[in-house]
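A closer look at the structure
Residues per chain are reported as follows:
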Amino acid sequence: MKNLRSWSLVFCGACCCAGLLYWRERPVVAASAQNAVLLVANQKDQNLSVIDPATDRQTGVIPEDGYTGHELAISPDGKTAYVPIYGDSGVGKPGTDGRTMDVIDIASRKVIRTVDFGHGVRPHRALYESHSGLLYVTTELDHTITVIDPHTLKIVSSIPTGQAESHMLAITRDGRFGYTANVGPGSVSVLDLKARKTVTVIPVAPTVQRISLSNDDKLVFVADYTKPQMAVIDTATNKVKSWITLPSIGYGTASTKDGKWLLVAMTSANKIAVVDLSTLQVARTIDVPPGPTEILVRPDGEAAYVSCGTSGKVAVLDLSAWKMGAVIDAGKGADGLAWARF
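First things first, this report covers the structure right here in the doc. (Residues numbered from 1 in each chain as written. Predicted model: local features only at pLDDT ≥ 70, side-chain atom pairs only at ≥ 80, totals over all residues. Heavy atoms only, no water.)

1. Describing the overall build of the protein
Within the protein one finds zero helices and 30 strands. Against the globule reference of 20 Å for 342 residues, the protein gives a C-alpha radius of gyration of 20 Å, in line with a compact fold. Taken over the C-alpha atoms alone, the protein extends approximately 60 × 45 × 35 Å along its principal axes. Put simply, the protein has 342 residues, and 54% of those count as buried. On the protein, roughly 14,600 Å² of surface is accessible, and the fraction owed to carbon and sulfur atoms is 51%. Mean positive and mean negative side-chain charge positions of the protein (34 and 33 charges, respectively) differ by 3 Å. (Helix = DSSP H or I, 4+ residues; strand = E, 2+ residues; numbered from the N terminus. Rg over C-alpha atoms; globule rule 2.2 N^0.38 Å. Buried < 20%, exposed > 50% of the residue type's maximum accessible area, 1.4 Å probe, protein only. Areas by Shrake-Rupley, 256 points an atom, 1.4 Å probe, with all protein chains shown as cover. Lys, Arg positive; Asp, Glu negative; His and termini not counted. Charge placed at Lys NZ, Arg CZ, Asp CG, Glu CD.)

Put into structure tokens, the structure is as follows:
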């Protein structure tokens, strides 16, 4: 990533006076960052951060209508965000059971509609699938994925996962199959999205966390939340084919655009592990602010964003230099990430 140099003026928050000028490197704005915003779901603030990727600064917040959104999906035209309202609980723990999803107009920064699931379901992960034009939302208390028509905002169907706590969802690029990380059961459900049925359930570990697919849809990555390792599932056989040994317990993952590397958030270590997918071994680690959870690779492939919930920050990773660049102020409990391009 190329850089420009510029003088910047530092202000001291403690004494409210101007400090010294310092020389810094300022990243050149990538073409994909033009007319785009990065949205961050802040669990503890009950809002979304709106971040300008051209300046790496928060430019505003969008209040939610409930407590609280963890994840979000964006419509293909970049105008609308869908934010399931999960509740105030942790997965499998006591607390409120969310039953709605906020529909947000990004330009006006307002909730414009609400989808009601009819009862408490703890809706969590929403994904907009472009082939079918449908929105899929994990509804974990029902042990299902709920299927929504985003144009009418009507619930059109549901798909059983066969397991409790189906918290996160990954979908193949052809829109045919879905894979859920079932946290407490420690399993992955394989779903036929067109037939709307469970294909199989894959045992993985005593407890699992987040899930992602390789760029070619041949591998599923799911974190063992009891040991520092990542399960690698072969989608051709729907079986665990190997394990990636990590320096610390893993959480959210994302593959780089070239398909060569897997980025793994290690929440308690405050690091990102960079896994070489040709060897399934960790090649390096990158320090980030406390509490890394979710990773989003920018569409141009040059950078990745890491939400860091404990610190309320978003770290920007330079994927050519393998180092952290800017650190952006977001909100408390920063978690889900989404890229919206207008």
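2. Let's talk about the pairing of strand β13 (residues 154–160)
Two strands pair when backbone bridges link them, and strand β12 (residues 144–149) and β13 are joined in this way by six bridges, in the antiparallel orientation. Residue pairing in the sheet places V147 in a bridge with S157 of β13. Two successive antiparallel strands, β12 and β13, enclose a turn made up of four residues, where L153 displays a positive phi of approximately 60 degrees. (Pairing = 2+ DSSP bridges.)

3. A word on the packing of aromatic side chains
The full count for this structure, using the stated rule, is four aromatic pairs. When the ring of W261 is compared with that of W322, the centres are 5.3 Å apart and the planes differ by 70 degrees; the resulting orientation is edge-to-face. With W261 in strand β23 (residues 261–266) and W322 in the loop between β28 (313–318) and β29 (323–329), the pair connects residues that are 61 residues apart, well separated along the chain. Across the pair, exposure class does not vary: W261 and W322 are buried alike. (Phe/Tyr/Trp six-rings, centres within 6.5 Å; stacked < 30°, edge-to-face > 60°.)

4. As for the sheet that holds strand β17 (residues 197–203)
Ordered by their spatial adjacency, four strands build an open sheet running β14-β15-β16-β17, and the pairing between neighbours is antiparallel. With one partner strand each, in any of the chains shown, β14 (166–171) and β17 form the two edges of the open sheet. The average angle at which neighbouring strand axes cross in this sheet is 25 degrees, direction not considered. Looking at chain direction, strand β15 (residues 177–182) and strand β16 (residues 187–192) are connected through six bridges and run antiparallel. Residue pairing in the sheet places N182 in a bridge with S187 of β16. (Axes fitted to C-alpha atoms, helices over the stretch in contact; angles between N-to-C directions.)

5. Things to note about the pattern of salt bridges
What the rule picks out here adds up to 11 salt bridges. R125 is the partner of E294 in a salt bridge, and the nearest nitrogen-oxygen pair spans 4.0 Å. Placement of the pair is E294 in strand β26 (residues 292–297) and R125 in strand β10 (residues 123–129), with a sequence separation of 169 residues. Here E294 and R125 have matching classes, each one buried. (Salt bridge = Lys/Arg side-chain N within 4 Å of Asp/Glu carboxyl O.)

6. Digging into the nonpolar core
Within the largest apolar cluster, 18 residues are counted, with the highest numbers of intra-cluster contacts made by L263, I272, I295 and L317. For this core, the secondary structure elements donating two or more residues are β23, β24 (271–276), β26, β27 (303–308) and β28. Beyond its immediate stretch of four places on either side in the chain, L317 contacts I272, I286, V288, E302, A303, A304, V306, K323 and M324. Within the second largest apolar cluster, 16 residues are counted, among which are Y179, V204, A205 and V220. (Core = buried A, V, L, I, M, F, W, Y, C linked by side-chain atoms within 4.5 Å. Contact = heavy atoms within 4.5 Å.)

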